[in-house]
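Coordinate analysis (summary)
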Amino acid sequence: MANKSTIVISVDVGETRVGLIENGILSEIYVERERDRSPVGSIYLGKVTRVLPGMQAAFIDVGLDRAAFLHVEDVIPQQDFEKLLSGEEEGDDEEAEKEPKENDRDANRLSRKTPIRDVLKEGQQIVVQVSKGPISTKGARVTSHVSLPGRFVVYMPTVDHLGISKRIGNDRERKRLREAVEAMKPSQGGLIVRTVAQGLTKGTLKADIGYLVKTWESIAERQKTAKKAPQLLYAELDIVLRTARDLLTEEVGKIVIDDLAEYTRLKQFVESFMPERAGDVELYEGSDPIFDEFGIEDEIARSLSRKVPLPSGGYLIIDQAEALTAIDVNTGRFTGKGKDVEETILQTNLEAAKEISYQLRFRNIGGLIVLDFIDMERANHRDKVYKALVNSLKTDKAKTTVVRISELGLVEMTRKRTRESLGRTLYEPCFYCDGTGHLQSKATICHEILRQIRREKDSLPGFKVVVNAHPAVIDTLQREEKDALQKASARYARQIVLQPRKDYHLEQFDLGGS
């Protein structure tokens, strides 16, 4: 039990946070707010608002703030979907091995070459599931290929497929599960057996499959009685119950939650779907906030810093931009204690590889990522760092693709992104600098003011020119730029009066005559 992970759930007014602690280190954090719950996994009756032949895609109104994006490969033709809903014969959340006899799983999907206008028309109603939540300025991504995750299996009513999670490594257990699930596979749709199904009895698997099939049948009934789109047909579990379903694995020793009502609801859910783990749900009754008690608040602040220290004295600089995330590795004050330069660089890069994999997972950074390791002259050193990075990424549930280190020390990689990063969830762009991280220097603004006086001097009435500006800018004009101010006053034959305005932005100013 000492090495077991712990799930900590903090329930506050309007917000719930979940932290996963592995080996004493906070490895994952999830945040869900009541007013903007993640729609991922929810199923909607949507309405096609725009069809874009050039992109082979369409925009679907599902009732969210922005229209959702649907690609042609994720579309099921209307007549085929109606057959599925009526029960007539005709995506997963874990990597799974395909059965040899069913290598044509993708045969159920339309080709990307199929003209989108042949299968979708504007105004048409369509059942879709959110596969990827809204990120930054982009709307959600949706698919017609529904997948319903249970505790032990994932049911996919739209594809004929049977798979076993790759993380189940025992061949005998894989064979047993395959035979068991094959015998109870529904006549319509496919199944993927999840990692937590290892060692389960047939009865437990059958109950989980039966529950998911009934869920799909109820969704089909709601669709038939739905009057008009957009309409929610099925809501994914909230973060508390979803945590128990997806994160309460054999590696987790306990779930600790600080709210009595949510504890009761969580306990009932666990007793229903995994009664053997009901004793692992604990109610936190301490006086300090639960995240403070477990040291999570301090870790969040430290780990979301732009500059992340490494054990030996080096550090990472993490910059997340719109197009990509750049991570720069620096030696800092680390000199290697007598080692040669190459060994110092190698050690720093090895530490960086481990910390980078942790940061990507903790911050939930996705998309294109460029890693700038310190240049290594020796090919075997580059190989060591590459292998260390790949091995560290194996604990990450998100799919990653890594290109080998170049001679310049650069690594290009991608990480699958299904929700907004933690940094963009907890922070917003600075309103003062408009998210750029930069402001014009006070000296620059002073000289811009003097240029503006030159432009407007003839149109301003009276002898005096009144400059209204931020107090810091006025102070710079009176001190560092005093000579320039006096020369401008003499050149334009006008008295320049400085008026500090506390309510002005640093870069804001205006001129008046008097």
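Scroll up to find the structure this text is about.
All values reported here derive from a predicted model rather than from experimental measurement.

Things to note about the nonpolar core
Most often, soluble globular proteins keep nonpolar side chains buried together rather than apart. Ranked by size, the top nonpolar core spans 29 residues in total, and within it Ile43, Leu148 and Leu205 carry the most contacts. Examining the composition of this core, we find that six residues originate from one element, helix α3 (residues 202-225), more than from any other. Every residue in contact with Ile43, bar those within four places of it in the chain, is listed here: Val127, Val128, Gln129, Val146, Leu148, Ile219, Gln231, Leu232, Leu233 and Tyr234. Core analysis: the second largest hydrophobic core is formed by 27 residues, Ile327, Tyr386, Ala388 and Val402 among them.

As for the sheet that holds strand β2 (residues 15-22)
Spatially, β3-β2-β1-β15-β16 is the arrangement adopted by the five strands of the open sheet, whose pairing is mixed. Because the sheet does not close on itself, it has two edges, and the strands there are β3 (25-33) and β16 (281-283). For this sheet, the mean angle separating the axes of adjacent strands, direction not counted, is 20°. Two strands pair when backbone bridges link them, and β2 and β3 are joined in this way by eight bridges, in the antiparallel orientation. Its bridge partner lying in β3, Gly19 is registered against Ile29. Packing against the sheet, helix α8 (residues 341-363) makes contact with β2 and β3, and its axis sits at approximately 20° to β3.

Thoughts on the environment of Ser441
Looking at where Ser441 falls in the secondary structure, it is placed in the loop between α10 (422-426) and α11 (442-456). With 32 residues separating them along the chain, Ser441 and Val473 place their C-alpha atoms 9.1 Å apart. At 2.7 Å, the side chain of Ser441 forms a polar contact with the side chain of Thr444.

Thoughts on the pairing of strand β13 (residues 190-193)
Burial along β13 is two-sided: Gly190 and Ile192 facing one way and Leu191 and Val193 facing the other are all buried. Bridge count between strand β11 (residues 153-156) and β13: four bridges; the pairing is antiparallel. Across the sheet, the residue bridging to Tyr155 is Leu191, located in β13. Examined bridge by bridge, strand β12 (residues 162-165) and β13 share three bridges and lie parallel to one another. Counterpart to Ile164 in the pairing with β13 is Val193. As for the winding sense of the linkage, the β-α-β connection from β12 through helix α2 (residues 171-184) to β13 is left-handed.

Reading the values: rules and limits
Residues numbered from 1 in each chain as written. Predicted model: local features only at pLDDT ≥ 70, side-chain atom pairs only at ≥ 80, totals over all residues. Heavy atoms only, no water. Core = buried A, V, L, I, M, F, W, Y, C linked by side-chain atoms within 4.5 Å. Buried < 20%, exposed > 50% of the residue type's maximum accessible area, 1.4 Å probe, protein only. Helix = DSSP H or I, 4+ residues; strand = E, 2+ residues; numbered from the N terminus. Contact = heavy atoms within 4.5 Å. Pairing = 2+ DSSP bridges. Axes fitted to C-alpha atoms, helices over the stretch in contact; angles between N-to-C directions. Polar contact = N/O pair within 3.5 Å; in protein donor to acceptor, adjacent residues only side chain to side chain. Right-handed = clockwise from strand over helix to strand, strands pointing away.

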